[in-house]
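Chain residues, written in single-letter form:
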Amino acid sequence: MTVQFSVPGEGQADQVGIGMVCPFDMALDRELWRWMPDHVSLHFTRTGYLDRPVDVDMCRQLNDHEQIASAVRSLCAIRPAAFGYACASGSFVDGIGGALALRDCMLAAGARRAVTTSEALLRALDLMSIGRIAVATPYTTDLTGLLCAFLAESGRTVVAQSGLGRDHDIWTIPYSVTSELIRAADHPDADAIFVSCTNLWTYEILAAMEAELGKPVLSANQVTAWATLVDAGVLAEGAPGQSLFARAA
């Protein structure tokens, strides 16, 4: 029996790499992979461990530019086509200026292109012409408030919000709880709903929630995956039933 191997460049697209800088507690690497075409590889790196709950102070500590620059440099040898900072709260906690500073930090460290989760959200809202939004988060009240302030700073109107008040183990929240959280956030005046936190599972429920509620439902990991694919020059083929990827196709 002869075994034949596929060789890149012979009927197969060359690999495209995307670097993902994540917080120390990121547990959802596998979810980000689900939006990736076969020829895209994700390369993950993490910031240093922090022994404290997920609150405003912890999210500000995640923005250590020295650590983020070091994380980017650790992947530069393999030349990713784009980088993402896969953390919603860490990139909105200091407003739009804080998100831009994080992006600039990654670029200065050697990233060819870079985007934070919160910038990716704004890019998605621009693409879909969304100005009025509801937000659903697993966060504490203070942290949810800073997300609303970030969106207001960008010129959007937050018409409703819901939160779970969680400050730990967010990756253990089941889809059923997240679905109810999204329903609680929905409002007739909302053009879309944003589900925050890259440590909250969303992939399997986004299409179903969009069908049920009749409007786009975006999530932190979804917009991060989409924006990094766009920056890497890859057609975002995406996922059935998710309006962001349908719009981008």
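In this report, we go over the structure that sits alongside the text. Since we're looking at a predicted model, the values are computed, not measured.

## A few points about the sheet that holds strand E3 (residues 82-85)
Read from one edge of the open sheet, 4 strands run E2-E1-E3-E4, paired in parallel fashion. With one partner strand each, in any of the chains shown, strand E2 (40-46) and strand E4 (114-116) form the two edges of the open sheet. On average, each strand axis in the sheet is tilted by 20 degrees relative to the strand beside it, whichever way the strands run. Note: strand E1 (residues 16-22) against E3, 4 bridges, orientation parallel. Its bridge partner being in E3, Ile18 is matched across the sheet by Ala82. On the sheet, helix H6 (residues 117-127) packs against E3 and E4 and is oriented at approximately 90 degrees with respect to E4.

## Observations regarding the packing of aromatic side chains
Tallied over the entire structure, the rule returns 3 aromatic pairs. Seen in terms of ring centroids, Phe24 and Tyr49 are 5.4 Å apart; in terms of plane orientation they differ by 85 degrees. Their pairing is edge-to-face. Of this pair, Phe24 sits in the loop between E1 and helix H1 (29-33) while Tyr49 is found in the loop between E2 and helix H2 (56-61), placing the two residues 25 residues apart along the sequence. A relative accessible area of 61% places Tyr49 in the exposed class. For Arg123, the ring lying beneath its charged end belongs to Trp226, and the centroid distance is 5.9 Å.

## Brief notes about the sheet that holds strand E8 (residues 217-219)
In space, the 4 strands of this open sheet follow the order E6-E5-E7-E8, with parallel pairing throughout. Of all the strands in the sheet, just strand E6 (157-163) and E8 have a single pairing partner and so form its edges. Adjacent strand axes in the sheet meet at a mean angle of 20 degrees, parallel and antiparallel pairs treated alike. Note that strand E7 (residues 192-195) and E8 share 3 bridges and pair parallel. Bridge pairing in E8 places Phe194 opposite Leu218. Strands in contact with helix H7 (residues 141-153) are strand E5 (132-137), E6 and E7; relative to E5, the strand with the most contacts, it is inclined by about 155 degrees.

Calculation rules
- Throughout, residues of each chain are indexed from 1 in the direction in which the sequence is written.
- This being a predicted model, a pLDDT of at least 70 is required before a residue's local features are given, and a value of 80 or more before pairs of side-chain atoms are given or counted; all residues contribute to the totals for chains, interfaces and linings.
- Where side-chain values are given, they derive from all heavy atoms of the structure, hydrogens and water being excluded.
- Here, strands pair whenever DSSP counts at least two bridges between them.
- Under the scheme used here, helices are H or I runs from DSSP no shorter than 4 residues and strands are E runs no shorter than 2 residues, and both carry numbers assigned from the N terminus.
- Where helices are involved, their axes are fitted lines through C-alpha atoms of the stretch in contact, as for all axes, and angles between N-to-C directions lie from 0 to 180°.
- Between two residues, a contact is recorded if the distance between any of their heavy atoms is within 4.5 Å.
- Classification of ring pairs rests on two measures: the distance between centres of Phe, Tyr or Trp rings, Trp counted by its six-membered ring, which must be within 6.5 Å, and the angle between planes, read as stacked under 30 degrees, edge-to-face over 60 and tilted in between.
- A 1.4 Å probe rolled over the protein chains alone gives each residue an accessible area, and that area as a share of the maximum for its type sets the label: buried under 20%, exposed over 50%, partly exposed in between.
- Consider the ring centre and the ring normal. A charge sits over the ring if Lys NZ or Arg CZ is within 6 Å of that centre and within 35 degrees of that normal.

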